[in-house]
Every structure is written in structure tokens, then in C-alpha cells.
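Listed here are the chains, written in short residue letters.
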Amino acid sequence: MSKLIFYYGTMRSSKSAQLIMTAYNYQQQNKPIIIFKPSIDTRDGNIVKSRALETTYPVYTFDENDYEYIYNMVKLRKYHAVLCDEIQFAKEHHIDELARIADELNVPVLCFGLLTDFQGKLFEGSKRLVELADKIQEIKTVCWYCDRKARMNLRTVDGNPVFEGEQIQIGDEEYLPVCRKCYIKFKNNSKK
Ligand SMILES: [Zn+2]
């Protein structure tokens, strides 16, 4: 049986860079891997890229209504690992499918993504991974405003923190990694 692993971190914690470095390591040893991400994240098209690295990798996207697509793709060929980016946007049934890939096809599955949204709530895909993963590992980064560990994602629009709205918003908002203390301070200030 192979492992299902969840590497989580805030925005700008080099999650995609870690995924790319992992892909690179397998590639150097001529061990084929396959990369997936939910189609909802269309910022970079069909590649995975990182702020920190210049390398990019092709990625297969899946929709919320795709059942068995990932499983069947992985079954086609002897892959040494399955890597998933932006896994927070996956549905619960996708994570169940990834678990079956580890258990039935015996291929390790390494997922990278956010744990919680801009309101500090678990994403659907991340919640299911916390429930099912063999291993959960944090990719750490520092708060944008102080030196504590970041554990929240602050949504900003035109530089101003925003605490209301849809969980997934494709617009001109930006996200910053912040510690809980700074997050709560901004939230309390926004109510004044
Ligand atoms: Zn802080």
C-alpha cells in the first residue's frame, strides 16, 4: 500500500515550488509521474508554476463532475507518483479517488494546497484530506506583517483586508499569509 500525503501551507508558502522540486527529483531518476489540479484554478492554464522557480510542468485538470478520470489516467501507465496542486479546490469524491489510487494501484499520492480559506474555514478537498491522509505535513512561512508563523490567508482588495464574500472568488483580490494575531487584529479593525 502506498501513502496519501497532504502538504499544506498558506498562500506564498512555496507549495507549488515544492511540488515542482518533487517532480524534478523523480524526473532526474527517469521515474514517470503525473500531475493534476482542479480546473477551477485557471490562473496558469495547463501548467504548474511557482513564484520561486522558473521551471514549469504540464498538468492535467479535472472538473468537479469528473468521476474516475484521475483513477483511470493513473491506471494507464506505471507512474511512480501522482502529484496534485491546488488540492483545496477538489471535491470530497476526488480525494476518495486519490486514496484508492494509493491503496489499489499502489502509487503514492502527494497533494499540495491550502488548508483554510480567507475566513479561516477548511476547504472541502483539504477537509477530506485531513480525514483520510496517511501523513499531513505543514509547509511553513512567516506572517506578512510580523515574524510569527503564518497560518491564515488574508484576502485583500486594493490593499484593504476583506472578510466577507464567496470562498472562491476569481477577481482582483490578493492573498497574504498572516499569523492568527494579525488576522484577528485586521478583522476587529474592519468592524470599527
Ligand atoms: Zn503577524
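Residues numbered from 1 in each chain as written. Predicted model: local features only at pLDDT ≥ 70, side-chain atom pairs only at ≥ 80, totals over all residues. Heavy atoms only, no water.

### Considering the overall build of the protein
- Scanning the protein for helices and strands turns up five helices and 11 strands.
- For the protein, the C-alpha radius of gyration of 17 Å lies close to 16 Å, the compact-globule estimate for 192 residues.
- The contacts of the protein with a sequence gap of at least 6 include a subset with a gap of at least 24, amounting to 75%.
- For the protein, the exposed surface amounts to about 10500 Å²; the carbon and sulfur share of it is 46%.
- Charge centroids of the protein, computed over 28 positive and 26 negative side chains, lie 8 Å from each other. (Helix = DSSP H or I, 4+ residues; strand = E, 2+ residues; numbered from the N terminus. Rg over C-alpha atoms; globule rule 2.2 N^0.38 Å. Contact = heavy atoms within 4.5 Å. Areas by Shrake-Rupley, 256 points an atom, 1.4 Å probe, with all protein chains shown as cover. Lys, Arg positive; Asp, Glu negative; His and termini not counted. Charge placed at Lys NZ, Arg CZ, Asp CG, Glu CD.)

### Quick notes on the pattern of salt bridges
- This model, assessed by the stated rule, comprises nine salt bridges.
- A salt bridge links Glu92 to Arg128, with the nearest nitrogen and oxygen atoms 3.8 Å apart. Taken together, the residues span a long stretch of sequence, with Glu92 in helix 3 (residues 92–104) and Arg128 in helix 4 (residues 124–132) at a distance of 36 residues.
- Under the relative-accessibility criterion, Glu92 is labelled partly exposed at 36%.
- Residue classification places Arg128 among the buried positions, given a relative accessible area of 19%.
- Between Asp96 and Arg128 there is a salt bridge, and its shortest N-O distance comes to 2.8 Å. In this pair, Asp96 is assigned in helix 3 and Arg128 in helix 4, connecting sequence segments 32 residues apart.
- Through salt bridges with shared partners, one network takes in Glu92, Asp96, Lys127, Arg128 and Glu131. (Salt bridge = Lys/Arg side-chain N within 4 Å of Asp/Glu carboxyl O. Buried < 20%, exposed > 50% of the residue type's maximum accessible area, 1.4 Å probe, protein only.)

### Let's talk about the domain arrangement of the protein
- As assigned here, the protein comprises domain 1 (4–138) and domain 2 (152–191).
- Relative placement of domain 1 and domain 2: their C-alpha centres are 25 Å apart.
- With its nearest N and O atoms 2.9 Å apart, the salt bridge here joins Glu174 to Arg12.
- Where domain 1 meets domain 2, there are seven residue pairs in polar contact (both at pLDDT 80 or more). (Domains from an automatic or database assignment. Polar contact = N/O pair within 3.5 Å; in protein donor to acceptor, adjacent residues only side chain to side chain.)

### What to know about the pairing of strand 2 (residues 33–38)
- When you tally the buried positions in strand 2, you get six out of six residues, the bulk of the element.
- Side chains of strand 2 alternate between two faces, with Ile33, Ile35 and Lys37 and Ile34, Phe36 and Pro38 buried alike.
- As paired elements, strand 2 and strand 5 (residues 60–62) share three bridges and run parallel to each other. The residue bridging Phe36 from the neighbouring strand is Tyr60, located in strand 5. (Pairing = 2+ DSSP bridges.)

### Here's the deal with the packing of aromatic side chains
- All told, the structure shown has seven aromatic pairs when counted by the stated rule.
- Taking 5.4 Å as the distance between ring centres and 85 degrees as the angle between the ring planes, the aromatic pair formed by Phe163 and Tyr183 counts as edge-to-face. Placement of the pair is Phe163 in the loop between strand 10 (160–162) and strand 11 (174–178) and Tyr183 in helix 5 (residues 180–191), with a sequence separation of 20 residues. In this pair, the class of Phe163 matches that of Tyr183, namely buried.
- Grouping aromatic residues by their ring pairs yields a cluster made of Phe36, Tyr60 and Tyr69.
- In this structure, Arg100 packs its charged tip against the face of Tyr71, placed 4.2 Å from the ring centre.
- Sitting over the face of the ring of Phe118, Arg155 holds its NZ or CZ atom 3.6 Å from the ring centroid. (Phe/Tyr/Trp six-rings, centres within 6.5 Å; stacked < 30°, edge-to-face > 60°. Lys NZ or Arg CZ within 6 Å of the ring centre and 35° of its normal.)

### Quick notes on unusual backbone geometry
- Phi at Arg12 is positive, roughly 60 degrees, even though this residue is not glycine.
- Mapping Arg12 onto the fold places it in the loop between strand 1 (4–8) and helix 1 (15–28).
- Arg12 gets classed as partly exposed once you look at its relative accessible area, which sits at 27%.

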